[in-house]
Amino acid sequence: MTYTVPLAQTSIDISLVAPLSGRLVAIEKVPDPVFAEKMVGDGISIDPVSQTLLAPCDGEVVQLHPSSHAVTVKTASGLEVLMHIGLDTVMLRGEGFNPKVKVGDQVRVGDPLIEFDADYVALHARSLLTQIVITNSDQVAKFNSYSGNVVVGKDVILTLTLAESNGTSVAQTGAVVTSDPIIVPNPTGLHARPAAVLVNLAKKYQSNICLKRGDKEVSARSVVGLMGLEVDHGDTVQLVAEGADADAAIAELSEALRSGLGEEGAKPISAPASIASLEAAPPPPRPRSDDPNIILGVAASPGIAVGYTHRISHQEISVPETGASPNQERRKLEQAVDQAKSEIEALRAKVHGQADSGKASIFAAHLELLEDPDLTDMATNLIDKGKSAAFAWKQAYTAQAELLAQLKNELLAARATDLRDVGGRVLRILTGVSIESTAYPDNCILLAEDLTPSDTATMEKGKVLGFCTVGGGATSHVSILARSMDIPAIAGAEQRIMELPNGTPVILDGSKGKLRLNPSEPEMEQVRQKQIRLKARRQEEFAAAFEPATTQDGHRIEVVGNIGNEKDARQTVEMGGEGVGLLRSEFVFMERDSAPSEDQQAEIYGNIAKILGNRSLIIRTLDVGGDKPLPYLPLPHEENPFLGVRGIRIGFDRPDILRTQLRAILRASTQGNVRVMFPMIATLDDWRMAKAMLEEERQKLGVAPIQSGIMVEVPSTAIIADQFAKEVDFFSVGTNDLTQYTLAMDRGHPKLAPHVDGLNPAILSLIGMAARAANAHGKWCGICGGIGSDPQAVPILIGLGVKELSVSVPTIPSIKAQIRQLSLTECQQRAEKALTLQSGAEVRELTPLED
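Here the structure is a predicted model, which is why all the values come from computation and not from measurement.

Right, let's get into the overall build of the protein chain. When helices and strands are tallied, the protein chain shows 28 helices and 38 strands. Scored against the burial criterion, the 851 residues of the protein chain give a buried share of 55%. By element, 50% of the accessible surface of the protein chain is carried by carbon and sulfur atoms, the whole surface being about 35700 Å².

Dropping the structure here:
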């Protein structure tokens, strides 16, 4: 809230009387960093012996927490006095508290505010220490605190000297700001990664920021706390901030939450009416098979593996309960946590090198867990009571992990494994216990109660052919890593896998979530031979990867890659790619607190151009919006962000960002064959405005012109493609967005997604319009959407007149090999037939997949 404080002509002293009887404690000694570091404000604490909180001054009740454990009284001079009974008492949800006032009441010194059951609170909360804090401490020139024991309603605990002023009124920002209700759009709620994004944003502010869901409230700086709220898709939450920059914090964090914290598939939800239709069904019961030789589970990572079982279990580390002095034990814990961070950073770098930044972000979330204030506070409190660092840490992380494991949300419960992974790493460092070296036998299928991300990232892939666990699911971090490492895996399997003797022959089908026991040798050999054939075919395709993709009747198709960074560019060249048809420039803008500079962008784009040599590099300008937000680019909430300010519209709204990027692209064009492509072009005016900005910046730099084209991802663009083709240099069809805009179906919708098929005849008709227009005007039309990598789509796209396929990098050799087996005439006939069919499913029957 905003209020105006009438400032006095001279300094005024205000005395606060003890609201409780007890011993005074310096605020710096409160075992809670929010209070001890004065993030809420300066003040004092009382270790109480009485059970009725009285008003320490005259004033108005301006805030009473829903859990009744905290109340704020505002004095006539504008000071806001917050009284917070106990620590972590919000978790009691009002139990043990009986408020005697309501917001708006006028109170005088000694009036009862809240009665509480001290015995109950002491048994159920972390501490009874009650904080008396001035939330707008900037209005106080001097704090004079007292010490010793005090009697409620009689003894003075604080004397405050108000700051002097020139007698004018100054508008101040209130200490408590609450956001509007926010409907969480994340498909699986606030699990580890979006929680970590929120924590990072909250750390930018000094205010105490909390997230509320119903009557529960946790720190927005706590990953474990956020997950413990069990915030699911469609739940309504609110942000509450206390501090000088609360308004800015609420503004930024509200938009970030509303937009899904950058998580893929999170679409803002505007009204409660839309929640019911999107409610996730309860998880089905774990499947069981009547066949004793079949064990069923959840398909966690696709692929088939043939091998022999090998059971593994995790070591139990015993720890001494008592240790040296608290200071020494705290230092031990700090050093162990620092070393664990270094080890996790190394793992993160290793995974980043093997896979992509999305998988490396799993270990970034692990780093956030190590910085979680709830975890460290719990351990520190135990150390202060004489416990050893190892004992305190083990108690803290196991308790938090058990809390997560009991949650109803399966995805959040699975994050207990991440916490045990992180906690165990620190514990081994504290105790000096080395990780038991695991000697994996050849051709083994691992069986385990559960695996941690660290286990998975350090597997010997040549020996471990697959794994099956009792715990976890398809969305667990272990499953994500398995997919990135191309290791077949099953999660959520029957407990009896832990009873199988080592060396049991099995066939693991990660795509179907099925583990077959004791197959015959001929059956195992049949699967092995199929794998050998597939491997041989891949090798043949790779050996011919640098040959052109020319059809049997001499029609050349350019096959290029969709990339997101320099590593992808190198892999494109290695895979025989003839260039890059889509560089998603968003990667340059992600994972940073401010927009990249022109020099930074020019260097990155230039490096990629050098890697490609004389091959083409098409850079798509920044394509973000309400559905794909950036932390430093706040966007207003939109009822439907897919129909709002996104793609090129962001560039028009923030021309400084677009012009900076265009200059960087133009500068990089001197390093190679660089072209620029604009996203979300819906009208000719869009194109002409973007082209004019490019030309203005080119003339300023004095560089040669470069080719410029547009994404065809809006139906209007395809329909008037003939007009666009007169002005642009090329088209590239973004089939993902074109499909959902044409069919009016969200490709992330749990019920509609199966029907969102780019081979729907309506989509193919629009692609054909764009291709014919381009060819008629001597231009070319490419595909950079998902169906470009789809073997069933390739012949039809060629038959429609597409000249370039920009595909997923690993599929480049196979797509080129497939094209060499086709003829343009047959492709045209197939495309003509496809346009007469009624559904994508019927179109797919024209090109059945090989077994």
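From this point on, the discussion continues.
Here we take up the sheet that holds strand S15 (residues 156-162). One open sheet holds the three strands; their spatial order is S2-S15-S13, and the pairing between them is antiparallel. A strand with exactly one partner marks an edge of an open sheet, and here the two such strands are strand S2 (13-17) and strand S13 (140-145). Neighbour-to-neighbour, the strand axes of this sheet turn through a mean angle of 20°, independent of strand direction. When S2 meets S15, the two strands line up antiparallel, connected through five bridges. Each residue of the ladder has a partner; that of Asp13, found in S15, is Thr161.

The subject of this paragraph is the pairing of strand S7 (residues 70-74). Within a regular strand, the side chains alternate between the two sheet faces. For S7, the buried fraction is high: four of the five residues fall into the buried class. Note that strand S6 (residues 59-64) and S7 share four bridges and pair antiparallel. Directly across from Leu64, in S7, lies its bridge partner Val71. Pairing between S7 and strand S8 (residues 80-84): five bridges, direction antiparallel. When the sheet's bridge partners are listed, Val71 is paired in S8 with Met83. What sits between the antiparallel neighbours S7 and S8 is a turn of five residues, in which Gly78 has the positive phi angle 100°.

If you walk across this open sheet you meet the eight strands as S10-S6-S7-S8-S12-S4-S3-S14, and the pairing is antiparallel. Edge positions in the sheet fall to strand S10 (106-107) and strand S14 (149-150), since each of these pairs with one other strand and no more. Where S8 lies against strand S12 (residues 130-134), four bridges are found, and the strand directions are antiparallel. Paired with Met83 across the two strands is Ile132, which belongs to S12.

Glancing now at the packing of aromatic side chains. For the coordinates displayed, the defined rule picks out four aromatic pairs. On the numbers, 6.4 Å between centres and 35° between planes, the contact of Phe97 with Phe116 is tilted. In this pair, Phe97 is assigned in strand S9 (residues 97-99) and Phe116 in strand S11 (residues 112-116), connecting sequence segments 19 residues apart. Both residues of the pair, Phe97 and Phe116, count as buried. For the pair Trp393 and Tyr397, a centre-to-centre distance of 6.3 Å together with 45° between the ring planes defines the contact as tilted. Pair noted here: Trp393 and Tyr397 are both in helix H10 (residues 389-405), with a separation of four residues, about one helical turn. As far as the burial class goes, Trp393 and Tyr397 line up, both buried.

We now examine helix H23 (residues 735-743). The set of residues buried in H23 consists of Thr735, Asp737, Leu738, Thr739, Gln740 and Tyr741. Tucked into the core, H23 has its buried residues touching strand S35 (708-712), helix H21 (715-719), strand S36 (730-733), helix H24 (761-776) and strand S37 (780-783). Following H23 by one or two positions, Ala744 has its phi on the positive side, about 55°.

Where strand S5 (residues 52-54) lies against S11, three bridges are found, and the strand directions are antiparallel. Of the residues in S11, the one forming a bridge with Leu53 is Ile114.

Turning to the packing of helix H17 (residues 598-612) against helix H19 (residues 655-668), a few remarks are in order. Contact pair H17 / H19: the axes reach a minimum separation of 8 Å and the direction vectors enclose 40°. When the axis of H17 is compared with that of H19, the two are oblique. With respect to the hand of their crossing, H17 and H19 are arranged in right-handed fashion. Taken together, the residues of H19 that come into contact with H17 (itself represented by Glu598, Asp599, Gln601, Ala602, Tyr605, Gly606 and Ala609) are Thr660, Gln661, Arg663, Ala664, Ile665, Arg667 and Ala668. Considering only residue class, the contact of H17 with H19 consists of six nonpolar, four polar and four charged.

This next bit is on the side chain of Ser806. Along the chain, Ser806 falls in strand S38 (residues 804-808). Residue classification places Ser806 among the buried residues on the basis of a relative accessible area of 0%. A polar contact of 2.5 Å, which involves the side chain of Ser806, links it to the side chain of Asn562. Discounting chain neighbours no more than four positions away, the residues touching Ser806 are Val560, Gly561, Asn562, Gly581, Leu582, Ile783, Cys784 and Gly785.

To continue, consider the nonpolar core. Core analysis: the biggest nonpolar cluster contains 83 residues, and Tyr605, Leu617, Phe678, Phe731, Ile767, Leu805 and Ile819 have the highest contact counts within it. Tallying contributions element by element places H24 first for this core, with eight residues. Apart from the residues lying within four places of it in its own chain, the contact partners of Leu617 are Val580, Leu583, Tyr605, Ile608, Ala609, Leu612, Asn673, Val674 and Arg675.

For the rest of this paragraph, the subject is the pattern of salt bridges. A complete count under the given rule lists 30 salt bridges for this structure. Across the salt bridge formed by Glu586 and Arg620, the nearest N and O atoms sit 3.0 Å from each other. Of this pair, Glu586 sits in helix H16 (residues 586-589) while Arg620 sits in strand S33 (residues 616-620), placing them 34 residues apart in sequence. With respect to burial, Glu586 and Arg620 carry one shared label: buried. A single salt-bridge network, built from bridges that share partners, covers Glu598, Asp599, Arg659, Arg663, Arg667, Glu696, Glu697 and Lys700.

Another aspect to go through is unusual backbone geometry. We note that Asn443 has phi near 55°; this positive angle belongs to a residue other than glycine. Residue position: Asn443 is located in the loop between helix H11 (410-431) and strand S25 (444-448). Note on Asn443: relative accessible area 39%, which makes it partly exposed. At Asn518, a residue that is not glycine, the phi angle is positive and equals roughly 50°. Looking at where Asn518 falls in the secondary structure, it is placed in the loop between strand S29 (514-517) and helix H14 (521-543).

Looking now at the side chain of Ser207. Position of Ser207 relative to the elements: it lies in the loop between helix H3 (192-202) and strand S19 (208-213). Taking the relative accessible area as the measure of exposure, Ser207 reaches 0% and is therefore buried. At 2.4 Å, the side chain of Ser207 and the side chain of Asp245 are in polar contact.

Among the structural elements, Ile657 can be located in helix H19. Residue classification places Ile657 among the buried positions, given a relative accessible area of 11%. Sequence separation between Ile657 and Leu622 is 35 residues, and the spatial gap between their C-alpha atoms is 8.8 Å. Look past the residues within four positions of Ile657 in its chain and what remains in contact with it is Phe589, Leu622 and Leu633.

Another aspect to go through is the confidence of the model for the protein chain. The predicted model of the protein chain averages 81 in pLDDT, with 80% of residues at 70 or higher. A low-confidence stretch, residues 1-10 (pLDDT under 50), is modelled with 37 contacts involving residues beyond four sequence positions or located in other chains. Below a pLDDT of 50 lies the segment residues 166-172, which in the model reaches 17 contacts outside its immediate sequence neighbourhood of four places, other chains included.

The rules behind the values
- Residues numbered from 1 in each chain as written.
- Predicted model: local features only at pLDDT ≥ 70, side-chain atom pairs only at ≥ 80, totals over all residues.
- Heavy atoms only, no water.
- Helix = DSSP H or I, 4+ residues; strand = E, 2+ residues; numbered from the N terminus.
- Buried < 20%, exposed > 50% of the residue type's maximum accessible area, 1.4 Å probe, protein only.
- Areas by Shrake-Rupley, 256 points an atom, 1.4 Å probe, with all protein chains shown as cover.
- Pairing = 2+ DSSP bridges.
- Axes fitted to C-alpha atoms, helices over the stretch in contact; angles between N-to-C directions.
- Phe/Tyr/Trp six-rings, centres within 6.5 Å; stacked < 30°, edge-to-face > 60°.
- Contact = heavy atoms within 4.5 Å.
- Parallel < 35°, antiparallel > 145°, perpendicular 65-115°, else oblique.
- Left-handed = near helix turned anticlockwise from the far one by under 90°.
- Nonpolar A, V, L, I, M, F, W, Y, C, P; charged D, E, K, R; others polar.
- Polar contact = N/O pair within 3.5 Å; in protein donor to acceptor, adjacent residues only side chain to side chain.
- Core = buried A, V, L, I, M, F, W, Y, C linked by side-chain atoms within 4.5 Å.
- Salt bridge = Lys/Arg side-chain N within 4 Å of Asp/Glu carboxyl O.
- pLDDT = per-residue confidence, 0-100.

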